[in-house]
Amino acid sequence: MEIKKNTLFQVRITDMSDTGDGIGKANGFTWFIKDAVIGDLVEAKVMKIKKSYGFARLMEVKEPSPYRVIPQCPAARSCGGCQLQAMSYLEQLRFKENKVLSNLLRIGGLDGREIFEPIIGMEEPWHYRNKAQFPFGKSRDGRIITGFYAGRTHQIVESEDCRLGVFENTMILSCIRKYMEEYGILPYDEESHKGLVRHVLIRKGFYTGQLMICLVLNGSVQELKAADVLIERLIHLFDSGKSEEKGCKGERVYVETIVCSINRERTNVILGKEIVNLYGSGVITDLIGRIRYQISPLSFYQINPVQTERLYETALEYAGLTGEETVWDLYCGIGTISLFLAHQAKKVCGVEIVPDAVRDACVNAKINGIENVEFFVGRAEEVLPEQYENNHIYADVIVVDPPRKGCDSACLETMVKMAPKRIVYVSCDSATLARDLKWLGENGYEVVKGRTVDMFPQTGHVETVVLLSKLKPDDIY
């Protein structure tokens, strides 16, 4: 059969990619097919062909996989934010665990089957996101709508009820949309660069019940007509009797703050640098374990607080702290892991490149009365060598939580020079994790154990924690 664009063919799905596309082999090609599940026999249409692989669109499931389920969200296929929603949750966990172990073996030469503990999944893998950003626009018939951008586009898939977001989002979005309709406030149009409301960012403190509502404006706050009316309506959305939602520990859900982010730029960046406070404190607080964190509109904060606590508990267990250790936390963000470790360490030093995040980290340390922490602004691969070579700092334990690209080579080299007894590596990308573990293994460190934590159910992403221990000279030679 000649293979060209729009050709229909059948293929059995035998694997899935890191992004959640189904993978099957037919007609001498490897095919990537979005929304297909391992075990499906599907009919697909050829969309793009490369030398030995191609991309196809799922047209029909001829024989459903035993792992296929009906997606909870009616917009699942068009939105694309939940790549695995058509797969049973137990199979999602198996898929993610196997993906990590496969990358460790294929890239790092490490067989993790004997040393990895079982993946930590969620009892309720829905409505776990404490943060969501919704673009506003107009439908083809001129209605104001909000939802999510379809994959690789800026076309809004209309939805006010994302199954991953908190229940309160629907009420807040509906309130804002109706207010905009009533007062003639236009949503932003990317082509003309006109319209006022670009996005709405909603954050929720799962353990405090506090809500932050942030309107991203293509203009000044003064252009937000009757802003006092909107503020009043949003504040009273969660008055007694209107909402039965509670925080994780039973606290009443309420609007703590309403802010505006001013972004007049032609850009894909959602938030602007100027924040204008309309109501409340301008921040919310939440807890991970017993540590309280203050969160601003611009703060980075893990989006799944339930699993974040489990992730950090695993990292803390692997660190093996007795209260006598000096710990370095690299890529520390707002100090979430640093403060979590501080209660069981002699001292914790955090390094982060974003100055605002370091300021947040210092505030969070003060809020919690934690004094045995120190934060440094800069690139980990620059700060760590400088402190080691000029100030002769050392570390008993190093915790590293790098971005997807993994650790910089200068950072890895300095870590080895500092010779900590243990390294705890937290990773959001198992391919770069495997690469770095291989290098550390060649330079005196042994992987002792590891564990994956499902921070993002219904998607292809997963976090991994690995403990490495310094080998004795006799073990190396």
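(A) View of the packing of aromatic side chains. Overall, the coordinates contain 10 aromatic pairs when judged by the stated rule. Centre to centre, the rings of Phe32 and Tyr53 are 6.1 Å apart; their planes meet at 85°, and the pair counts as edge-to-face. Of the two residues, Phe32 sits in strand S3 (residues 29-33) while Tyr53 sits in strand S5 (residues 53-63), which places them 21 residues apart along the sequence. Judged by relative accessible area, which is 21%, Phe32 ranks as partly exposed. An aromatic cluster is built from Phe9, Phe29 and Trp31, whose rings are joined through pairwise contacts. The ring centre of Phe206 lies 5.6 Å from the NZ or CZ of Lys204, which sits over that ring.

(B) The state of the cysteines, seen in detail. If you walk through the whole model with that rule in mind, you get zero disulfides. Unpaired in this structure, Cys79 has its nearest cysteine sulfur neighbour in Cys82, at a distance of 6.3 Å. With relative accessibility at 16%, the residue Cys79 sits in the buried group. Of the cysteine sulfurs around Cys411, a residue in no disulfide, the closest is that of Cys407, at 4.9 Å. Exposure remark for Cys411: the relative accessible area of 0% places this residue in the buried category.

(C) Spatial organisation of the sheet that holds strand S6 (residues 116-120). Here we have eight strands laid out as an open sheet, ordered S6-S21-S22-S20-S19-S16-S17-S18, and mixed in their pairing. Bordering the open sheet on either side are S6 and strand S18 (373-377), each of which pairs with just one other strand. Going across the sheet, the axis of each strand differs from the next one's by a mean of 15°, ignoring polarity. Summarising the sheet, strand S17 (residues 347-352) and S18 pair through five bridges and their orientation is parallel.

(D) Seen up close, a positive patch on the surface. Where like charges cluster on the molecular surface, the positive patch consists of Lys5, Lys48, Lys50, Arg57 and Arg152. Within the fold, Lys50 resides in the loop between strand S4 (41-49) and S5. Taking relative accessible area as the criterion, Lys50 reaches 40% and is therefore assigned partly exposed.

(E) Inspection of the side chain of Thr146 at higher detail. As for its position among the elements, Thr146 is in strand S8 (residues 144-149). Residue classification places Thr146 among the buried positions, given a relative accessible area of 0%. For Thr146, the side chain forms a polar contact with the main-chain oxygen of Pro135, separated by 2.9 Å. Leaving out residues up to four positions away in the same chain, Thr146 has contacts with Phe134, Pro135, Phe136, Ile156, Val157, Glu158, Ser159, Glu160 and Leu173.

(F) Representation of the sheet that holds strand S11 (residues 210-217) within the structure. Spatial ordering of the open sheet is given by S9-S8-S7-S10-S11-S12-S13, a layout of seven strands whose pairing is mixed. Since the sheet does not close on itself, it has two edges, and those belong to strand S9 (156-158) and strand S13 (274-280), each with one partner. Strand-to-strand twist in this sheet, taken as the mean axis angle between neighbours without regard to direction, amounts to 35°. Bridge count between S11 and strand S12 (residues 254-262): eight bridges; the pairing is parallel. Paired with Ile213 across the strands is Ile258, a residue of S12. Its contacts with the sheet place helix H4 (residues 227-235) against S11, S12 and S13, and it is angled at close to 145° to S12.

(G) Inspection of the nonpolar core at higher detail. Residues Trp328 and Leu330 are the most contacted members of the largest nonpolar core, which totals 125 residues. If we skip the residues at most four places from it in the chain, Trp328 touches Cys349, Val351, Phe376, Leu384, Gln387, Ile393, Tyr394, Ala395, Val397, Ile398, Val399 and Met418. With 14 residues, the next largest nonpolar core counts Val11, Ala26, Trp31 and Ala36 among its residues.

(H) Examining H4 more closely. Three or more residues of H4 are buried, namely Ala227, Leu230, Ile231, Leu234 and Ile235. For H4, the buried positions fall inside an angular range of 130° around the axis, keeping them on one side. Looking at the buried side of H4, the elements it contacts are helix H3 (168-183), S11, S12 and S13.

(I) The pattern of salt bridges, seen in detail. The final tally for this structure, using the stated rule, is 21 salt bridges. Residue Arg177 pairs with Glu181 through a salt bridge whose shortest N-O separation is 3.7 Å. On the criterion of helical spacing, the pair formed by Arg177 and Glu181 is a turn pair, its members being four residues apart in helix H3. Note on Glu181: relative accessible area 43%, which makes it partly exposed. Counted as one network, the salt bridges with shared partners bring together Lys34, Asp35 and Arg77.

(J) Helix H2 (residues 89-108), seen in detail. Compared with the 28 Å implied by 1.5 Å per residue over 20 residues, the 28 Å span of H2 between its first and last C-alpha is a close match. Turning to H2, its buried residues number three or more, namely Tyr89, Glu91, Gln92, Leu93, Phe95, Lys96, Lys99, Val100, Leu101, Asn103, Leu104 and Gly108. Among the structural elements, strand S1 (8-16), S6, helix H10 (430-441), strand S21 (445-453) and strand S22 (463-470) are those in contact with the buried residues of H2. Among the residues trailing H2, Gly109 stands out with phi positive, at a value near 65°.

(K) Region of interest: unusual backbone geometry. With a phi angle near 55°, His392 is a residue other than glycine that sits in the positive phi range. The residue His392 is located in the loop between helix H8 (380-391) and strand S19 (397-400) in this model. Among the residues examined, His392 registers a relative accessible area of 63% and is labelled exposed.

About the thresholds
- Residues numbered from 1 in each chain as written.
- Predicted model: local features only at pLDDT ≥ 70, side-chain atom pairs only at ≥ 80, totals over all residues.
- Heavy atoms only, no water.
- Phe/Tyr/Trp six-rings, centres within 6.5 Å; stacked < 30°, edge-to-face > 60°.
- Helix = DSSP H or I, 4+ residues; strand = E, 2+ residues; numbered from the N terminus.
- Buried < 20%, exposed > 50% of the residue type's maximum accessible area, 1.4 Å probe, protein only.
- Lys NZ or Arg CZ within 6 Å of the ring centre and 35° of its normal.
- Disulfide = S-S within 2.5 Å.
- Pairing = 2+ DSSP bridges.
- Axes fitted to C-alpha atoms, helices over the stretch in contact; angles between N-to-C directions.
- Patch = residues over 30% accessible without salt bridge, like charges linked within 9 Å, V, L, I, M, F, W, Y side chains within 5 Å.
- Areas by Shrake-Rupley, 256 points an atom, 1.4 Å probe, with all protein chains shown as cover.
- Salt bridge = Lys/Arg side-chain N within 4 Å of Asp/Glu carboxyl O.
- Lys, Arg positive; Asp, Glu negative; His and termini not counted.
- Charge placed at Lys NZ, Arg CZ, Asp CG, Glu CD.
- Polar contact = N/O pair within 3.5 Å; in protein donor to acceptor, adjacent residues only side chain to side chain.
- Contact = heavy atoms within 4.5 Å.
- Core = buried A, V, L, I, M, F, W, Y, C linked by side-chain atoms within 4.5 Å.
- Arc of directions from axis to C-beta.
- Expected span 1.5 Å × (residues − 1).

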